[in-house]
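Observations on the three-dimensional arrangement
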Amino acid sequence: MISRAPSGLDGAADLLAAVVHRQWAAEAAVRSLRRPQPLRLRWAPTRRQVAYPDAPVVAGGDLGDLDRLFASSANRQLVLLGGPGAGKSATTLLLALDLLERRAPDGPVPVLLSPASWNPHNEHLEDWLIRRLETDYPALRDRKAYGRHAARRLVAEQRLLPLLDGLDELPPDLLVPALEGVHRAFGPGRPLVLTCRGDEYEAAVRAGGAGLPAAAVVELEPVAADDAIEFLSASLPQVVERWAPVLDQLRTTRDSVVAWSLSTPLTINLARAVYGRPDRDPAELVDQQRFGDPAALDRHLLDSLVTAVYGDPPTPPPRLAPLPSGAARYPADRARRWLGFLAGHAASNAAGDIAWWRLPRPHLVLAIVLTGLLCWVATSEHAAVAVGFALGAAFTWLIGTVRRRAPVRHLLLAPLVLSVAIFFITYERPSSPGVTAAAAAGLALLVGVALSVHRPPHRTGLRLRGRGRAVLSRMAFGVVITVAAMAAAIPAHGVVNSRDLWSAPLALSVMVAVAWGLGTWLTSPPDRFSVPRPTRSLRGDVASTAVWLLAWIVAFQLPVAFAIVVMGKSVDASLPAMALSFGLGTGLGCVVNNASVLYAASLAWWALRGRLPWRLMRFLDDAHRRGVLRQTGTVYQFRHASLQRHLAGSG
């Protein structure tokens, strides 16, 4: 984390470059992309009819030549094609690191992104880039340090060099509009690197996709046998001796099954991972009776990976001390079952992401359990918790609906939610069976609407400057909705005292405004650049949830403290307890659909069923360091789509 940030857009660009380099250098180290030495990948001008006639003429080469080609190109636009497992992602990552290390002080910042979350029908590419920047690097929203809309200005002033890795990860029906969107956003002279599978890119161009007229279009070639031999031989003599039968066949029989299979970086790295242990003999790879075709050998490598990598402790994180003796060891059968479940989950979204806040949610189970607990509390002596929950959930949903400009169906539901809030303002215990049934129905409705909202992770930060408008806006929304609800509730409650007509709405409005103001202030975006990590994202949302709970508890204790300290009044001992219960319930209603709360509830359900480990984030980090997963910002992905499909089928 970088604690002090230079001011202005230049400072934002320089710090962004430093953080991006740190992020992907660590990922390259975990994936062993540079040790013992990089696998040599060669590229050549594509033979596909996808390049424009005026596109730059290129000769071919390896990664170093690709870097020089991009740097010397007048338009600085490159399209990198390749087949499945050809090494597009690894090449793009290493290219990004080279570009970052050679970046001039005022040059554009190379940022590696997956376009899988982009919908070209709904969002312009520049808007998507801005959104991704502000999500992955929230310090860019620090107006004090970098001015207003720093991310937008970085994009608009061409201070960004996007490397969009994996256009083929978009649904097939979006590839053509995606190419059109790239064409509109990146004209000649605006730097861009785009990767895609060759067949998918060619099909999209033939179907009408515009592509990039000024871009050099190159394609990764199959790994040459000599390069595979050199890579597998870069080890200790006793290790190379174990690989001798494979190396001999690569030298002498270029059309053998093992030669065809070990022609992609994916299978070469799988083979090295599976047969890296001394008790595994690579000589079985040349058994043609066992492996009659490359597909059979590929399936064997994919099937053996989990067993192989979970036989040893994981590698330690880059530049950190060795793992302690108590480091987690996961049995291979359990790891395979958990990874199979995660692979099925990853297959359900186009990006193939494993995001902790998108863990599959058992909505019906959560709704039934939560509603049942609240109904039990509503009929007990702690009914204030249930009433507070109802008001917190209702007000949070109503404020969010107005601020998000929600669809019409949500706006039509707003009067019903407001009516439920009004009902609970006047709710008293004990009640008649009819009132109790109405309370249960209202709680079920509020739980349902709360769980239907998918809130992204939040972060905490103690900074008021630049946040005044947001704080005041939230406070104003809270006051308006509270006054509206109280204005309808007081006549329904039969209040005739003129003092109560203004004092009750005023008191509750002040408490709601204080809570919303504190929560908004303390969950402001951080003002320090840091490498995006899944665990950091989870910790930030947990802290945000705790802040909101505390804000509501403090807000409802303020009147009690004011009466005791300032006015010198004595209050009944039950009043602070009731205020605490009401504040706690309101806070729970506010945070019930926070990402970390739903993650904890969903994880408990799947862990009880044996589908996931209880300490999921530790397991994911472990799988990342074992080479099963890769990390992209705040999400994990399987190291390759073929591994994901294989594990999903076996899970």
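How each quantity is defined
- Residues numbered from 1 in each chain as written.
- Predicted model: local features only at pLDDT ≥ 70, side-chain atom pairs only at ≥ 80, totals over all residues.
- Heavy atoms only, no water.
- Helix = DSSP H or I, 4+ residues; strand = E, 2+ residues; numbered from the N terminus.
- Buried < 20%, exposed > 50% of the residue type's maximum accessible area, 1.4 Å probe, protein only.
- Contact = heavy atoms within 4.5 Å.
- Areas by Shrake-Rupley, 256 points an atom, 1.4 Å probe, with all protein chains shown as cover.
- Patch = residues over 30% accessible without salt bridge, like charges linked within 9 Å, V, L, I, M, F, W, Y side chains within 5 Å.
- Salt bridge = Lys/Arg side-chain N within 4 Å of Asp/Glu carboxyl O.
- 1 Å grid on protein atoms, 1.4 Å probe; cavity = no way out; pocket = protein on both sides within 12 Å on 5 of 7 lines; lining within 4 Å.
- Points joined across faces, edges and corners; volume = space filled by probe spheres on them.
- Nonpolar A, V, L, I, M, F, W, Y, C, P; charged D, E, K, R; others polar.
- Pairing = 2+ DSSP bridges.
- Right-handed = clockwise from strand over helix to strand, strands pointing away.
- Core = buried A, V, L, I, M, F, W, Y, C linked by side-chain atoms within 4.5 Å.
- Phe/Tyr/Trp six-rings, centres within 6.5 Å; stacked < 30°, edge-to-face > 60°.
- Axes fitted to C-alpha atoms, helices over the stretch in contact; angles between N-to-C directions.
- Parallel < 35°, antiparallel > 145°, perpendicular 65-115°, else oblique.
- Left-handed = near helix turned anticlockwise from the far one by under 90°.

1. Here's the deal with the overall build of the chain
The number of helices and strands found in the chain is 26 helices and eight strands. Expressed as a percentage of its 651 residues, the buried residues of the chain come to 51%. In the chain, the share of contacts with a sequence separation of at least 24, taken over all contacts with a separation of at least 6, comes to 77%. Summed over all atoms, the accessible surface of the chain reaches about 29,000 Å², with 59% contributed by carbon and sulfur.

2. Digging into a nonpolar patch on the surface
On the surface, L550, V554 and L558 cluster together into a nonpolar patch covering about 250 Å² of accessible area. Topologically, L550 is positioned in helix α22 (residues 534-566). In this structure L550 comes out as exposed when scored by relative accessible area, which is 53%.

3. Some details on empty space enclosed by the protein
If you walk through the whole model with that rule in mind, you get four cavities of 30 Å³ or more. By volume, the largest cavity amounts to about 110 Å³. What lines the largest cavity is simply W24, R31, S89, L93, L112, L113, S114, D165, E169, R630, T632 and Q637. Elements represented by at least two residues in the lining of the largest cavity include exactly α3 (88-101), β3 (109-113) and β7 (629-632). Residues belonging to the lining of the largest cavity are distributed by class as follows: four nonpolar, four polar and four charged.

4. Examining the pairing of strand β5 (residues 192-197)
Within β5, six of the six residues are buried, which leaves it mostly tucked inside the rest of the structure. Alternating residues of β5 divide into L192, L194 and C196 and V193, T195 and R197, and every residue in both groups is buried. As judged from the six bridges shared by strand β2 (residues 77-82) and β5, these two strands associate in the parallel manner. Paired with L78 across the strands is V193, a residue of β5. By the bridge criterion, three bridges tie strand β4 (residues 160-165) to β5 in an arrangement that is parallel. Residue D165 lies in a different strand from β5, and its bridge partner there is T195. On the question of chirality, the crossover connecting β4 to the parallel β5 by way of helix α7 (residues 175-185) is right-handed.

5. Focus on the nonpolar core
Y310 and F638 are the most contacted members of the largest nonpolar core, which totals 136 residues. Here this core gets ten residues from one element, more than from any other, and that element is helix α1 (residues 8-30). Beyond its immediate sequence surroundings of up to four residues, F638 is in contact with L339, L342, A343, A346, I354, V628, L629, R630, L643, Q644 and L647. Formed by 40 residues, the second largest nonpolar core is a distinct cluster that contains A421, L443, L446 and A450.

6. What about the pattern of salt bridges?
Going through the model one piece at a time under the given rule, you end up with 26 salt bridges. Its salt-bridge partner being D279, residue R277 comes within 3.2 Å of it at the nearest N-O pair. For R277, a relative accessible area of 23% puts it in the partly exposed group. A relative accessible area of 55% means that D279 is categorised as exposed. Of the charged contacts, one joins R336 and D303 as a salt bridge, the two residues approaching to 3.6 Å between their closest N and O atoms.

7. Digging into the packing of aromatic side chains
Applying the stated rule across the entire model yields nine aromatic pairs. On the basis of an interplanar angle of 80° and a centroid distance of 6.3 Å, the ring pair of W243 and Y275 is categorised as edge-to-face. You can see W243 sitting in the loop between α10 (237-242) and α11 (244-252) and its partner Y275 sitting in the loop between α13 (265-274) and α14 (294-309), a full 32 residues away along the chain. Geometrically, the ring pair formed by W338 and F619 is edge-to-face, given 5.3 Å between the ring centres and 85° between the ring planes. One end of the pair, W338, is in helix α15 (residues 332-347); the other, F619, is in helix α25 (residues 616-625), with 281 residues separating them in the sequence.

8. Description of the packing of α1 against α3
The geometry of α1 relative to α3 is characterised by a closest axis approach of 10 Å and an angle of 140° between their N-to-C directions. Considering the angle they form, α1 stands oblique to α3. Here α1 runs over α3; the crossing is left-handed. Contacts from A17, V20, H21, W24, A25, E27 and A28 in α1 reach L93, L97, L100 and E101 in α3. Looking at the contact of α1 with α3 residue by residue, the class counts come to eight nonpolar, one polar and two charged.

9. Let's talk about unusual backbone geometry
In this structure, S32 is a non-glycine residue whose phi angle is positive, near 55°. Mapped onto the secondary structure, S32 falls in the loop between α1 and β1 (43-45). Residue classification places S32 among the partly exposed residues on the basis of a relative accessible area of 21%. In this model, H149 sits at a positive phi of 55°, which is unusual for a non-glycine residue. As for its position among the elements, H149 is in the loop between α5 (143-146) and α6 (150-156). The exposure class of H149 is partly exposed, given its relative accessible area of 40%.

10. Points about α25
Among the ten residues of α25, eight are classified as buried, and the element is accordingly described as predominantly covered. The set of residues buried in α25 consists of L616, M617, F619, L620, D622, A623, H624 and R625. Positioned one or two residues after α25, G627 has a phi angle of 90°, which is positive.

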